[in-house]
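# Descriptive structure summary
One letter stands for each residue in the lines below.
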Amino acid sequence: MSVPLSILDLVSISEGSTASDAIAASMETAGLAERLGYHRIWFAEHHNTPNLAASATSLLISQAASVTERIRLGSGGVMLPNHAPLMVAEQYGTLANMHGDRIDLGLGRAPGTDGMTAQALGRSSAEPQAFAQHIFDMQGWFGETGTAHSSPIQSAVSLGTRVPVWVLGSTVNGASIAGQLGLPFSLASHFAPDQIDDAVQVYRDSFTTEAPTAQIDKPYVMAGINVMVAEDDDEARRQFTTVEQMFLDIRSGQRRKLQPPVDPQSLAGQTGGASGMLSVSAVGAPDTVTAQMQEFVDRTDADELITVTYAYDPAVRNRSLELLAGAWFDG
């Protein structure tokens with residue numbers, strides 16, 4: 001098919017399982033993804049969520065790097081307001097020194113949690129100008145002098161690592177920031193589909209190579225899409241009810257781990273707004289899914305897709321990745 005495929009992993013915890021189980025399953029998936037030919041794996045940052053073990057992204061990246069050799073690994077993303085920018089530069093510089101030139105740093109302005117938890121985590125401003133300045137400083141810490149652009153503070157561990165920086169976003173605001181900074185843009189279309197077309201257009205229209213933060217010479221969009229592939233459409237649809245239940249829980253405030261799949265008919269009439277949030281999804285047998293994904297590529301002109309696959313049973317997720325790889329890479 002036409003574009004590279006990557007994976008966004010939120011390290012989901014299924015009912016009856018522990019965070020330790022989820023992390024172990026995630027690392028097994030990382031090794032499989034590399035063997036199958038996926039381009040990169042990113043780990044998201046979330047807090048105060050009982051069904052996700054993706055909180056300490058740098059630690060997950062390091063562990064995944066230790067069980068792989070070539071696949072790119074990164075954050076999708078580090079929610080920068082939760083962190084001191086210098087500490088992020090030091091962490092990702094350390095990762096680059098340990099694991100070489102395959103580490104990405106995706107940055108977002110959202111807290112990735114509720115307001116109370118965000119307050120407990122808060123370390124830096126989410127305002128656009130502050131966000132841009134933090135990125136500029138981090139690029140200095142990753143650069144040849146290892147020094148922030150706004151101060152003489154030096155980071156020896158990140159010096160010269162030149163870790164690529166991405167901007168994450170789900171709206172035209174995030175897209176505009178990415179474009180004005182001259183950085184690649186990762187679009188969270190897998191859960192925020194409302195502004196997809198406008199966001200992509202704004203990003204491309206605002207993109208400049210003149211910004212001091214610019215790292216690429218032309219726009220680059222990686223778009224998120226929910227994916228579940230099974231042997232046939234009906235089984236894929238059944239497995240996808242795990243995701244639908246998760247989004248229903250988010251809307252209702254119910255705090256549960258990932259639930260087993262159910263008969264899709266049992267959710268009929270319940271999904272409401274949750275189904276809208278999941279409208280960018282490809283669900284079915286391999287040919288069904290690849291056709292849906294190609295339609296999304298054609299719509300967005302995305303340079304890369306990053307797939308999100310939740311499954312109650314990690315073996316189902318891995319089988320989905322296998323079926324997708326066979327159809328997409330060999331199709």
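Residues numbered from 1 in each chain as written. Predicted model: local features only at pLDDT ≥ 70, side-chain atom pairs only at ≥ 80, totals over all residues. Heavy atoms only, no water.

Turning our attention to the overall build of the protein chain. A tally of helices and strands in the protein chain yields 11 helices and 9 strands. Taking 331 residues into account, the globule formula puts the C-alpha radius of gyration at 20 Å, and the protein chain, at 19 Å, falls close to it. Along the three orthogonal principal directions, the C-alpha set of the protein chain runs to about 60 × 40 × 35 Å. Expressed as a percentage of its 331 residues, the buried residues of the protein chain come to 55%. Considering only residue pairs separated by 6 or more positions, the protein chain has 73% of its internal contacts joining residues 24 or more positions apart. (Helix = DSSP H or I, 4+ residues; strand = E, 2+ residues; numbered from the N terminus. Rg over C-alpha atoms; globule rule 2.2 N^0.38 Å. Buried < 20%, exposed > 50% of the residue type's maximum accessible area, 1.4 Å probe, protein only. Contact = heavy atoms within 4.5 Å.)

This brings us to the pairing of strand E1 (residues 5–9). With 5 of 5 residues buried, E1 is to be regarded as a mostly interior element. Alternating residues of E1 divide into Leu 5, Ile 7 and Asp 9 and Ser 6 and Leu 8, and every residue in both groups is buried. Alignment of E1 against strand E9 (residues 304–308), held across 3 bridges, turns out to be parallel. Paired with Leu 5 across the bridge in E9 is Leu 305. Looking at chain direction, E1 and strand E2 (residues 40–43) are connected through 3 bridges and run parallel. (Pairing = 2+ DSSP bridges.)

Turning to the nonpolar core, a few remarks are in order. By size, the foremost hydrophobic cluster in this structure holds 70 residues, and its most contacted members are Leu 105, Met 293 and Leu 305. Per-element accounting of this core gives the leading share, 6 residues, to helix H5 (residues 128–142). Contact partners of Leu 105, with chain neighbours within four places excluded, come to Ser 75, Val 78, Val 88, Tyr 92, Met 138, Phe 142, Val 163, Pro 164, Val 165 and Trp 166. Counting residues in each nonpolar core, the second largest holds 24 residues, with Trp 166, Leu 168, Met 222 and Val 308 among its members. (Core = buried A, V, L, I, M, F, W, Y, C linked by side-chain atoms within 4.5 Å.)

Moving on: the environment of Thr 290. Within the secondary structure layout, Thr 290 lies in helix H10 (residues 286–300). Each C-alpha atom of the pair Thr 290 and Val 227 lies 9.8 Å from the other, and the pair is 63 residues apart in sequence.

As a further point, take the pattern of salt bridges. According to the stated counting rule, one finds 12 salt bridges in the structure shown. With a closest N to O distance of 2.9 Å, Asp 197 and Arg 299 form a salt bridge. On the criterion of sequence distance, the pair formed by Asp 197 in helix H7 (residues 196–206) and Arg 299 in helix H10 is long-range, its members being 102 residues apart. Taking the relative accessible area as the measure of exposure, Asp 197 reaches 39% and is therefore partly exposed. On the basis of relative accessibility, which here comes to 45%, the residue Arg 299 falls in the partly exposed class. With a shortest N-O distance of 3.1 Å, Glu 235 and Arg 238 are connected by a salt bridge. You can see Glu 235 and its partner Arg 238 sitting in helix H8 (residues 233–252), 3 residues apart, about one turn around the helix. A network of salt bridges, in which partner residues are shared, links Arg 40, Arg 72, Asp 104 and Glu 304. (Salt bridge = Lys/Arg side-chain N within 4 Å of Asp/Glu carboxyl O.)

Another point: helix H1 (residues 19–36). Taking 1.5 Å per residue as the helical rise, H1 with its 18 residues ought to reach 26 Å, and the 25 Å between its terminal C-alpha atoms agrees with that figure. All of the buried residues in H1 are Ala 22, Ala 25, Ser 26, Met 27, Thr 29, Ala 30, Gly 31, Leu 32, Ala 33 and Glu 34. Looking at the buried residues of H1, the elements they touch are E1, E2, helix H2 (57–66) and helix H11 (314–329). At the exit of H1 stands Gly 37, carrying a positive phi of roughly 100 degrees. (Expected span 1.5 Å × (residues − 1).)

Bringing the pairing of strand E7 (residues 221–229) into the picture now. Across the 9 residues of E7, 9 count as buried, placing the element largely inside the fold. Burial along E7 is two-sided: the residues Val 221, Ala 223, Ile 225, Val 227 and Val 229 and Met 222, Gly 224, Asn 226 and Met 228 are all buried. Examined bridge by bridge, strand E6 (residues 185–187) and E7 share 3 bridges and lie parallel to one another. Counterpart to Leu 187 in the pairing with E7 is Ala 223. Bridge count between E7 and E9: 5 bridges; the pairing is parallel. Pairing of Met 222 across the sheet is with Glu 304, part of E9. Examined bridge by bridge, E7 and strand E8 (residues 281–284) share 4 bridges and lie parallel to one another. Residue Met 228 lies in a different strand from E8, and its bridge partner there is Val 283.

With that settled, consider the packing of aromatic side chains. One pass over the structure, following the stated rule, counts 5 aromatic pairs. Ring geometry for Trp 166 versus Tyr 220: centroids 5.7 Å apart, planes at 85 degrees, classification edge-to-face. Here the residue Trp 166 occupies a position in strand E5 (residues 165–169), and Tyr 220 occupies one in the loop between H7 and E7, the gap between them amounting to 54 residues. (Phe/Tyr/Trp six-rings, centres within 6.5 Å; stacked < 30°, edge-to-face > 60°.)

It is worth spelling out H7 at this point. Three or more residues of H7 are buried, namely Ile 196, Ala 199, Val 200, Tyr 203 and Ser 206. Buried residues along H7 cover an arc of 150 degrees about the axis, so they all sit on one side. Contact partners of the buried residues in H7: helix H6 (172–181), E6, E7 and H10. (Arc of directions from axis to C-beta.)

Here His 190 shows up in the loop between E6 and H7. Residue class for His 190 comes out buried when judged on its relative accessible area of 10%. When sequence neighbours within four positions are dropped, the list of residues in contact with His 190 reads Leu 8, Gly 224, Ile 225, Asn 226, Met 277, Leu 278, Val 280 and Val 308.

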